[in-house]
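# Structural overview for review
Now for the letters of each chain:
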There are 2 protein chains.
Amino acid sequence: MKTRRHPFTLCLLAALACAALPPASQAADPLPSWNDGTPKQTILQFVAKVTKEGSPDLVRPAERIAVFDNDGTLWAEQPMYFQFLFMLDRVKAIAPEHPEWKDEEPFASLLKGDVKAALAGGESALGKLFVATHAGMTSQEFEKIATDWIATAKHPKTGRLYTEMVYQPMLELLAYLRANGFKTFIVSGGGIEFMRPWSERVYGVPPEQVIGSSIKTKFDLRDGQPALVRLPDINFVDDGPGKPVGIQMHIGRRPIAAFGNSDGDLQMLQWTAAGPGPRLCLYVHHTDAEREWAYDRTSRIGRLEKGLDEAKAKGWTVVDMKADWKRVFAFENNGGE
Amino acid sequence: MKTRRHPFTLCLLAALACAALPPASQAADPLPSWNDGTPKQTILQFVAKVTKEGSPDLVRPAERIAVFDNDGTLWAEQPMYFQFLFMLDRVKAIAPEHPEWKDEEPFASLLKGDVKAALAGGESALGKLFVATHAGMTSQEFEKIATDWIATAKHPKTGRLYTEMVYQPMLELLAYLRANGFKTFIVSGGGIEFMRPWSERVYGVPPEQVIGSSIKTKFDLRDGQPALVRLPDINFVDDGPGKPVGIQMHIGRRPIAAFGNSDGDLQMLQWTAAGPGPRLCLYVHHTDAEREWAYDRTSRIGRLEKGLDEAKAKGWTVVDMKADWKRVFAFENNGGE
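All values reported here derive from a predicted model rather than from experimental measurement.

### Let's talk about the side chain of Q270 of chain A
- Inspection of the secondary structure puts Q270 of chain A in helix 12 (residues 266–273).
- What makes Q270 of chain A buried here is its relative accessible area of 9%.
- Excluding anything up to four places from it in sequence, Q270 of chain A contacts E310 and W316 of chain A together with F219, L221 and P226 of chain B.

Encoded structure:
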């Protein structure tokens, strides 16, 4: 017997069906944006191994330290490092306070919109831009500047907030590791105080677990009020061989898992790999020109050359973003995902 | 009617009575080694205030940051900073590898047992001793050296392990704050890598929550094996105005509670006090020549002069060790406590 359902009943059934999705087996997947494949299996097996009670490979929670590079590993880094784009925006924002910049390089070119001419001065030009935008204020003032920028500035290609340009599979990985007793740290070449204002909200990583490059600061009493003043001198460069140094300085323990995407992460992965017991060393390989960007051995930003060779030689995990990630960004319309 | 109880019954009753001790009111005291008085009441009221749901003074757990100086605040510092005694022990231990020290100051005097003559060379002499004992090895090697020393070396006056020379009331305070959602950090002028090997076991503070003075380190591949090598250069002095700098560098948040004992902690307390909302700033004042040591304004070690004046002026809490602490060290025989 055929019955004709009332439209309301159909809506109700549809709603119930949607509410029931995804089925239990999928809901239990801690890494739903990862396709099944070697990287996902390697991650799941590693976590199972180090958390299994009674196993000789068990690592106690206090020693479950996982370190993540930021640029190109947790969020995108093209067409330029986002902190560089922040710097350019800041030069424009404070130019009215600096009429002298009209005739002073690299500011003059930059204010005319000619980034290439501005950067013709090389490291010296870059240094001037950096100091003008990152030093000379208190830590509190800089925190507000970074917070305001990240809340409003848009990516030049996608038009998205920069905090939307984070990789959904990596957010899932961060959460999955923490759910298994790991303490997650960011170890980035980027500025430590540039990342801290939003790392907790976006990545679930509190400021005390952010390690990065820094400039010197000085404690000062201003009219009896204590202040930390940002000075125009480099304190620490948290890149390449600096990463294991930064890890030891801030954490004081060797990580058991490390995640990066460029040659600047190589020493961090080497340092992690060289400890005893199970280790997870993983490179994110940018192979998806359609959903993100494709670059490696010859890129000026995020070059991955030595790291790719060493990963192959040592059997580290390499994520092929195109093949291994079901979704790159949360904002993607991804075929019903 | 009188009944005679069987001895077994008496034992059972005694056991039950003992099991029931201490009475509920005492068992609930989170700070049993503190006498009732202003410091204890101030601590209890502060914690109650910042943890009370719905209160305008509520501080969310992520921002419940408490910082502790180490020397003179968590463990003793007389007759000399314990790390200095470590240094002297190390000179003796490695002297056989350095026959040239027989004719070289400050080593020669030190090896003859004349500390005063050795230190006549001032900062230069101290620097030579420091470099000889703290640099030139890997971080892992230094960790083992510090671990071995702390496990065996004895305090010259009490004959106790140095890790027994920690203040029982402060251990209770650390645990009490953590039980109330605080994250506890050590912020010490002492060496960061000297404290980390035992801070977790003794204080419950993991290495990533230890901030201290440091020397530079360098990442190196030795026969293909990654190593962090300790260099003979000062990296950071975590004392006085360096303490707020170290706090910002490592934590990136302003503490809401700070504990110190000397003028070297003053800027840390100022920095903590200057934030909004409830604050707890506390000085431990060494007033007990019998159970510990009594010193303040004129002491070469742990001088407390400006800090004592500022504490009075600003209404910070000052602990009178003699009056406010029921017990100083756990090993004391303290009248049935």
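### Describing the pattern of salt bridges
- All chains considered together, the criterion is met by 32 salt bridges over all chains.
- E208 of chain B serves as the salt-bridge partner of R253 of chain A, at 3.9 Å between the closest nitrogen and oxygen. Of the two residues, R253 of chain A sits in the loop between helix 11 (242–250) and strand 5 (257–260) while E208 of chain B sits in the loop between helix 10 (192–203) and strand 3 (210–222), which places them in two different chains.
- When its relative accessible area of 11% is taken as the criterion, R253 of chain A is described as buried.
- When the shortest N-O distance is used, the salt bridge between K144 of chain B and D148 of chain B registers 2.6 Å. Placement of the pair is K144 of chain B and D148 of chain B together in helix 8 (residues 139–152), with a separation of four residues, close to one helical turn.

### Description of the relation of the copies chain B and chain A
- Expressed as a screw transformation, the operator carrying chain B onto chain A has a rotation angle of 180° and an axial translation of 0.0 Å, and the superposed copies differ by an RMSD of 0.0 Å. This pairing of chains is accounted for by a two-fold axis. Across chain B, the rotation axis passes nearest the C-alpha of H250 of chain B, at a separation of 3.2 Å.
- Of the residues that chain B buries at the interface, 100% are likewise interface residues in chain A, meaning the two copies contact each other through the same surface.

### Let's talk about unusual backbone geometry
- A cis geometry characterises the amide bond from Q78 of chain B onward to P79 of chain B, with omega recorded as 0°.
- One can find P79 of chain B in the loop between strand 1 (65–68) and helix 4 (82–94).
- Here the residue pair E105 of chain B and P106 of chain B is connected by a cis peptide bond, since its omega of 5° sits within 30 degrees of zero.
- Relative to the helices and strands, P106 of chain B resides in the loop between helix 4 and helix 5 (107–111).
- Of note, the phi angle at D223 of chain A is positive, near 55°, even though the residue is not glycine.
- As for its placement among the helices and strands, D223 of chain A is situated in the loop between strand 3 (210–222) and strand 4 (225–236).

### A look at the environment of R178 of chain B
Residue and element names in this part refer to chain B.
- You can see R178 is positioned in helix 9 (residues 168–179).
- Relative accessible area serves as the criterion here: at 29%, R178 is assigned to the partly exposed category.
- As for R178 and S299, which are separated by 121 residues in sequence, their C-alpha atoms are 33 Å apart.
- Excluding its chain neighbours within four sequence positions, the residues that come into contact with R178 are T184, Y203, G204 and V205.
- A polar contact of 3.0 Å, which involves the side chain of R178, links it to the backbone oxygen of Y203.

What counts, and at which threshold
Along each chain, residues carry numbers from 1 onward, in the same order as the chain's sequence is written. Chains carry letters from A onward and ligands carry numbers from 1 onward, assigned in written order. Owing to the predicted nature of the model, reporting of local features is limited to residues with pLDDT of at least 70; listing and counting of side-chain atom pairs is limited to 80 or more, with chain, interface and lining totals taken over all residues. For side-chain calculations, the full set of non-hydrogen atoms in the structure is used, while hydrogens and water are omitted. A run of DSSP states H or I qualifies as a helix once it reaches four residues; a run of E qualifies as a strand once it reaches two. Both are numbered from the N-terminal end. The buried label applies to any residue whose accessible area, calculated with a 1.4 Å probe on protein chains only, is under 20% of its type's maximum; exposed applies above 50%, and partly exposed to all values in between. By definition, residues are in contact when any of their heavy atoms lie within 4.5 Å. By definition here, a salt bridge exists when the distance from a side-chain nitrogen of Lys or Arg to a carboxyl oxygen of Asp or Glu is within 4 Å. A least-squares superposition brings the copies together, and it is based on the C-alpha atoms of residues with pLDDT no lower than 70 in both. The definition of a polar contact used here is a pair of N or O atoms within 3.5 Å, where within protein one atom must be able to donate a hydrogen and the other to accept one, and adjacent residues in sequence count solely through side-chain atom pairs.

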